[in-house]
Amino acid sequence: MSKDFQQPLLKIENLSKDYSLGKIVVHALRGVNLEVPQGDLLVISGPSGSGKTTLLNLIGAIARPTSGDVFLEGKALSKLSDGRLAELRNHKIGFIFQSFALIPVLSVYENVEYPLLLLGASRKERQRRVMDMLGEVGLGELARRRPNDLSGGQHQRVAIARALVTEPRLVLADEPSANLDSETGDEIMKLVARLNKEQKVTFIVVTHDPVVSRYARRSVHIRDGRLLNEGVETRACD
Ligand SMILES: Nc1ncnc2c1ncn2[C@@H]1O[C@H](COP(=O)(O)OP(=O)(O)OP(=O)(O)O)[C@@H](O)[C@H]1O
Ligand SMILES: [Mg+2]
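Predicted, not measured: the structure shown is a model, and the values here were computed from it.

Student: Run through the sheet that holds strand 2 (residues 24-36), naming residues and quoting values.
Tutor: Spatially, the four strands line up as an open sheet ordered 2-1-4-5, and their pairing is antiparallel. The open sheet has two edge strands, strand 2 and strand 5 (75-76), and neither has a second partner. Alignment of strand 4 (residues 67-72) against strand 5, held across two bridges, turns out to be antiparallel. For Leu 72, the partnering residue across the bridge sits in strand 5 and is Lys 75.

Student: Outline the packing of helix 4 (residues 108-118) against helix 5 (residues 123-136), supporting the account with residue identities and numerical values.
Tutor: Between helix 4 and helix 5, the least distance of the axes is 10 Å, while the angle of their chain directions is 125 degrees. If you check the angle between helix 4 and helix 5, you find them oblique. By crossing handedness, the relation of helix 4 to helix 5 is classed as right-handed. From helix 4, Tyr 109, Val 112, Glu 113 and Leu 116 reach across to helix 5, where they touch Arg 126, Arg 129, Val 130, Met 133 and Leu 134.

Student: Can you tell me about the site of ligand 1, naming the residues and giving the values?
Tutor: With respect to spatial proximity, 13 residues lie near ligand 1, and among them Tyr 19, Ala 28, Ser 48, Thr 53 and Thr 54 are the closest. Of all the elements in the fold, those that place two or more residues in the shell around ligand 1 are strand 1 (10-21), strand 2 and helix 2 (52-59). Looking at the shell around ligand 1, the element that brings in the most residues is helix 2, giving three residues. When grouped by side-chain class, the residues that make up the shell around ligand 1 number four nonpolar, eight polar and one charged.

Student: Describe the pairing of strand 3 (residues 41-45), naming the residues involved and giving the relevant values.
Tutor: The two faces of a sheet get side chains in turn, since along a regular strand they alternate between them. Taking burial as the measure, the five residues of strand 3 include five buried ones, the bulk of the element. Residues Leu 41, Val 43 and Ser 45 line one face of strand 3 and the alternating positions Leu 42 and Ile 44 line the opposite face, and both faces are buried. Here strand 3 runs beside strand 8 (residues 202-207); their pairing, made up of five bridges, is parallel. What sits directly across from Leu 41, in strand 8, is Phe 203. Looking at chain direction, strand 3 and strand 9 (residues 218-223) are connected through four bridges and run parallel. Looking at strand 9, one finds that Val 43 is bridged to Ser 219.

Cut-off values and rules
Residues numbered from 1 in each chain as written. Chains lettered and ligands numbered in written order. Predicted model: local features only at pLDDT ≥ 70, side-chain atom pairs only at ≥ 80, totals over all residues. Pairing = 2+ DSSP bridges. Helix = DSSP H or I, 4+ residues; strand = E, 2+ residues; numbered from the N terminus. Axes fitted to C-alpha atoms, helices over the stretch in contact; angles between N-to-C directions. Parallel < 35°, antiparallel > 145°, perpendicular 65-115°, else oblique. Left-handed = near helix turned anticlockwise from the far one by under 90°. Contact = placed C-beta atoms within 7 Å. Near = placed C-beta within 6 Å. Nonpolar A, V, L, I, M, F, W, Y, C, P; charged D, E, K, R; others polar. Buried ≥ 20, exposed ≤ 12 C-beta atoms within 10 Å, placed from the backbone.

In structure tokens:
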């Protein structure tokens with residue numbers, strides 16, 4: 001076996017993050033260890049304030065840890081400059097985060113095209129990939145709409161298309177079903193599961209909703225900045 005097949009896509013070693021609030025220190029993550037193989041659909045569930053968004057921010061190289069390290073394809077993020085981290089975010093990671101809201105003045109098409117502009121893809125290539133991706137999420141007909149003229153579920157499907165259009169190695173989703181009714185939330189997770197299965201996209205989804213774990217290949221729980229049970233529950237997958 002080549003080295004590529006042996007190493008997990010993502011490895012997290014003893015990861016901690018403290019936030020200082022004046023004299024108070026918040027220990028948001030306290031020594032998290034985790035490996036995520038290529039092709040996984042990992043759901044991390046935990047209550048509000050347990051450290052889920054903090055963990056995704058560190059995995060996505062949006063913030064740096066207080067200690068410990070994140071390895072993506074064997075590369076330690078701590079060793080990369082801010083410029084290299086920005087490049088890695090644009091090329092290798094897709095984000096479905098509420099903090100990366102769709103841009104209201106751009107159409108659905110232009111929102112999904114945006115990450116491809118950052119990568120310098122040609123106009124023709126952009127057009128092919130955007131329309132393919134909108135087709136995948138069932139929004140080919142709505143390419144010219146503005147985000148404000150969409151339902152919550154359609155909005156979230158555009159965010160998924162935007163995260164996947166660059167064909168990233170890893171997609172990070174922070175509460176993708178939040179603010180949706182349970183049926184629409186279910187639909188979004190079904191879409192995530194289908195893209196994971198058919199396009200072999202690796203997903204890490206964090207949620208406070210234990211129901212989302214139904215769609216996981218593997219699931220872990222987080223409480224007070226620590227993963228519980230030292231590990232991962234695996235579900236047999238077709
Ligand atoms: N920028 C910050 N400065 C200070 N404390 C922070 C900051 N961001 C998060 N925290 C604290 O760190 C802890 C973990 O926060 P985090 O946002 O990771 O939780 P979460 O699991 O995503 O919660 P939620 O489900 O509500 O989104 C919380 O106690 C939170 O108050
Ligand atoms: Mg959060």
